[in-house]
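# Architecture and fold: a report
The lines below spell out each chain.
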Amino acid sequence: MMPETREDITALIKERSDIVQIIGECIDLKRSGVRLLGLCPFHGEKTPSFSVHSGQQFYYCFGCGESGDVFSFMMKYYNLDFQGAVKELARRCQIELPERSVSPEEQKKKQLRRLIYLVNEKVAALYRRCLLDSSEAASARAYLRKREISPAIQERFNIGYAPGSGWDFLGRQLKGEQRAAAIEAGLLVKKERGGEYDRFRDRVMFPIYDGDGGIAGFGGRILGDGQPKYMNSPESQVFNKSRLLLGLFQQKEAIRQRGRAVLVEGNFDMISLVAGGCENVAAPLGTALTRAQIRTLKQLADTAVLLFDGDAAGMKAAVRAVPLFLAEQMEARVALLPSGHDPDTFIREKGGGGLAALLDRSEPLAEFVFSQLVKTHGLTLTGKSRIVEELRPLVKAAESPLQRTVMISHFAEKLGIPQEQLSLSLEGSMAPAVVAAPAAPKKAIVLTPAQKRLAGLLVMYPAALPRLEAGGIREYLAGGIGEILFLQIKALLDKGGEVQPEDLLMVLPVGAERDFVAEILLKASSLEPHSLDGDGLEEEMIEVIEWLRAEKLKRLSADLLNKINDMEYCRDPGILEDLLQQKQQVERDMRRIVD
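Read on for a plain summary of the structure. (Residues numbered from 1 in each chain as written. Predicted model: local features only at pLDDT ≥ 70, side-chain atom pairs only at ≥ 80, totals over all residues. Heavy atoms only, no water.)

### Considering the overall build of the protein chain
Operational definition: Runs of H or I in DSSP of at least four residues are treated as helices and runs of E of at least two as strands, each being numbered from the N terminus. Only protein chains enter the accessibility calculation, which uses a 1.4 Å probe. A residue is then buried if its area is under 20% of the maximum for its type, exposed if over 50%, and partly exposed in between. Contact between two residues is taken to exist if any of their heavy atoms lie within 4.5 Å; hydrogens are not considered. Reported accessibility uses the Shrake-Rupley method at a 1.4 Å probe radius. Residues are deemed covered only where the shown protein chains occlude them.
Scanning the protein chain for helices and strands turns up 25 helices and 16 strands. Looking at the protein chain as a whole, 46% of its 595 residues are labelled buried. Residue pairs at least 24 apart in sequence account for 63% of intrachain contacts in the protein chain once pairs closer than 6 positions are excluded. Here the protein chain displays about 30300 Å² of accessible surface, and carbon together with sulfur accounts for 52% of that area.

Given below as structure tokens:
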């Protein structure tokens, strides 16, 4: 019996897809305990850290943190969207996907989209031929030579030229439905009194590709003195400049291989870097970076480096980008160009080696913005207050509570402000001036060996949490990353169903907790099988719970002793007697545990 809903079909595809076989087609996998290990396909490494768990149909890289199921692997490795991954896996599993009924309106939109793509392809070819053959394009060819854009690079990016002598270069060559599609795409603009004219004239043209390699729109750089200097296609059914990045389609393999994307602001900045040997580069389309663009980059790279001019505009662009990267939980860094340079002039003067050195010296984005705030406002009481005010939207943009906690802790140490006070101020609960009082920075809490053992037990055996909670494990882990892990596992258990250790990696953001879990799982992957299954696990639980009980009694005994010592001047002998009796009972309980 075939499944009825798309959710059922997706579940069936996942069940029939052998994640080991699918990933094994891309990398060599060798068994290591209950998992298989290989070199990660998403970042360069020499020692295998990419783990595949066949039983759970799950993968995780202990090096770069990339994780997911068979669908997410197909999406990231082959640069597919979810539906594309479903279709490809269904084909491999020989599962027939039901055809979704399409309304006449949807069919019309689909046909128009197809036609716009076809017209864009035709127009790109016309612009390209014009650049190569037309006498009118002599100034464009000279401009490209001056910018040292070789014929090979021109061909790679399909660069063309829109002639400027007339207003109907395209209009003469597009008829009927193609002409209508060109109007929809913004290549032709309607006149108020009838007829159309070319939008792009006397411009070097850059086709803008979507993720599937279709030409979604165009960007043009004017050759004369007109304005605007750069012009993009208007929004259409296929072109959304807030989602696309110039050069990403051509450069995606280089970005994936390096695990790092370099972002520049201009079309020729991007082209010049590629010509100079920096292949992992892309550019927004004349607007500020967006979350949608960052989300696209996350599928290819772990880190983005923003290559900005060292002027005020570059600083503002960096500040604007911080909340976006925090919200998408993608690592970002900033590399500032020396005064008087843009990416084009820098790589021409310093070469690829100089650029690589500059990129390697890049600062973490949040750190960069913080240092700029300190330069601007100083570390006086007033300066700190202003810095806190400007940090507030950045911290609030952090997607997870853990991410915000780490940031607040870091900034508190930098500013010499108690973490609790800075946290309250950033949430708007306290006037900024209050937090300006200096204080000794808090040291990060490190797990003791006993806490490590307890937290590791929780990670490997989540189902044991209720018993350990009853034994007092949260109290013993309080104040460190162990407590965060306890709370996260408890939240997963509360949702119902079985919880596996790998499930933590799906929900924990990048940070100490996730690193700890990854370390525990990496060590566990060498065991064949787990040494604490069955009776061994039960014995371990009994021992741990007894130990927790003893620790609880020790703390209670010490607390009672402190209270008894404080009763030296108490006039009520009954209170002292009651405390002594409690202390004696605790000691009897402790002896029973030891015995």
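Next comes the rest of the write-up.
### With respect to the sheet that holds strand 9 (residues 203-209)
This is how it is decided: One bridge is not enough; two strands pair if DSSP finds at least two bridges between them. As a rule, the C-alpha atoms of each element are fitted with a line to give its axis, helices using only the stretch in contact, and angles between N-to-C directions run from 0 to 180 degrees.
If you walk across this open sheet you meet the 4 strands as 6-9-10-11, and the pairing is antiparallel. The outermost strands of the open sheet, each flanked by one partner alone, are strand 6 (160-162) and strand 11 (230-232). Neighbour-to-neighbour, the strand axes of this sheet turn through a mean angle of 35°, independent of strand direction. Here strand 10 (residues 215-222) pairs with strand 11 via 3 bridges, running antiparallel. Bridge assignment links glycine 219 to a residue of strand 11, and that residue is asparagine 232. The strands touched by helix 10 (residues 267-275) are strand 9, strand 10 and strand 11; relative to strand 9, the strand with the most contacts, the crossing angle is about 75°.

### Structural notes on the nonpolar core
We apply this condition: The term nonpolar core refers to a set of buried residues drawn from Ala, Val, Leu, Ile, Met, Phe, Trp, Tyr and Cys, joined through side-chain atoms within 4.5 Å.
Within the largest apolar cluster, 62 residues are counted, with the highest numbers of intra-cluster contacts made by Tyr127, Leu187 and Leu307. Ranked by residue count, the leading element in this core is helix 5 (residues 104-133), at 10 residues. Apart from residues no more than four positions distant in its own chain, leucine 307 is found in contact with Val262, Leu263, Val264, Leu273, Ala335, Leu337, Pro343, Leu355, Leu358 and Leu359. Residues Leu245, Leu297, Phe308 and Ala412 belong to the second largest nonpolar core, which totals 42 residues.

### A look at helix 15 (residues 381-396)
Here is the rule we go by: How far a helix is expected to stretch is found by multiplying one less than its residue total by 1.5 Å.
Its 16 residues give helix 15 an end-to-end C-alpha distance of 23 Å, which sits within 8% of 22 Å, the value for a rise of 1.5 Å per residue. Listed in full, the buried residues belonging to helix 15 are Gly383, Lys384, Ser385, Ile387, Val388, Leu391, Arg392, Leu394 and Val395.

### A few points about helix 17 (residues 419-426)
Note the following rule: In this context, the arc is that of the directions from the helix axis out to the C-beta atoms.
Buried within helix 17 we find Leu422, Ser425 and Leu426. Down the axis of helix 17, the buried side of the element spans an arc of 95°, and every buried residue falls inside it.

### Focus on the environment of leucine 336
In this fold, leucine 336 is placed in strand 15 (residues 331-336). Beyond its immediate sequence surroundings of up to four residues, leucine 336 is in contact with Phe308, Asp309, Gly310, Met315, Leu358 and Phe368.

### A few points about the environment of threonine 287
By the element assignment, threonine 287 lies in the loop between strand 13 (281-282) and helix 11 (291-298). Threonine 287 sits 46 residues away from lysine 241 along the chain, and the two C-alpha atoms are 8.1 Å apart.

### As for the layout of surface pockets
The following threshold applies: Cavity means a closed set of points on a 1 Å grid over the protein atoms alone, one where a 1.4 Å probe fits but cannot get out, pocket means an open set with protein on both sides within 12 Å along at least 5 of 7 lines, and lining means a residue has an atom within 4 Å of a point. Grid points are joined across faces, edges and corners, and a volume is the space filled by probe spheres set on the points. When residues are sorted by character, Ala, Val, Leu, Ile, Met, Phe, Trp, Tyr, Cys and Pro go into the nonpolar class, Asp, Glu, Lys and Arg into the charged class, and all the rest, Gly among them, into the polar class.
Considered as a void within the structure, the second largest pocket measures approximately 1600 Å³ in volume. Along the walls of the second largest pocket sit 37 residues, with Asp81, Gln83, Arg113, Asp210 and Asp212 positioned nearest its centre. Those elements giving two or more residues to the lining of the second largest pocket turn out to be helix 4 (82-93), helix 5, helix 9 (248-258) and helix 11. If one sorts the elements of the lining of the second largest pocket by residue count, helix 5 sits on top with 6 residues. When grouped by side-chain class, the residues that make up the lining of the second largest pocket number 14 nonpolar, 8 polar and 15 charged.

### Notes on the pairing of strand 15
Using the following cut-off: The path from the first strand over the helix to the second decides the hand: if it runs clockwise while the strands point away from the viewer, the crossover is right-handed.
Taken together, the 6 bridges between strand 14 (residues 303-308) and strand 15 define a ladder with parallel strand orientation. Each residue of the ladder has a partner; that of leucine 306, found in strand 15, is valine 334. You can see the chain leave strand 14, run along helix 12 (residues 312-328) and come back into strand 15, and the turn it takes is right-handed. Bridge count for strand 15 against strand 16 (residues 363-364) is 2 bridges, and the pairing is antiparallel. Its bridge partner lying in strand 16, valine 334 is registered against glutamate 363.

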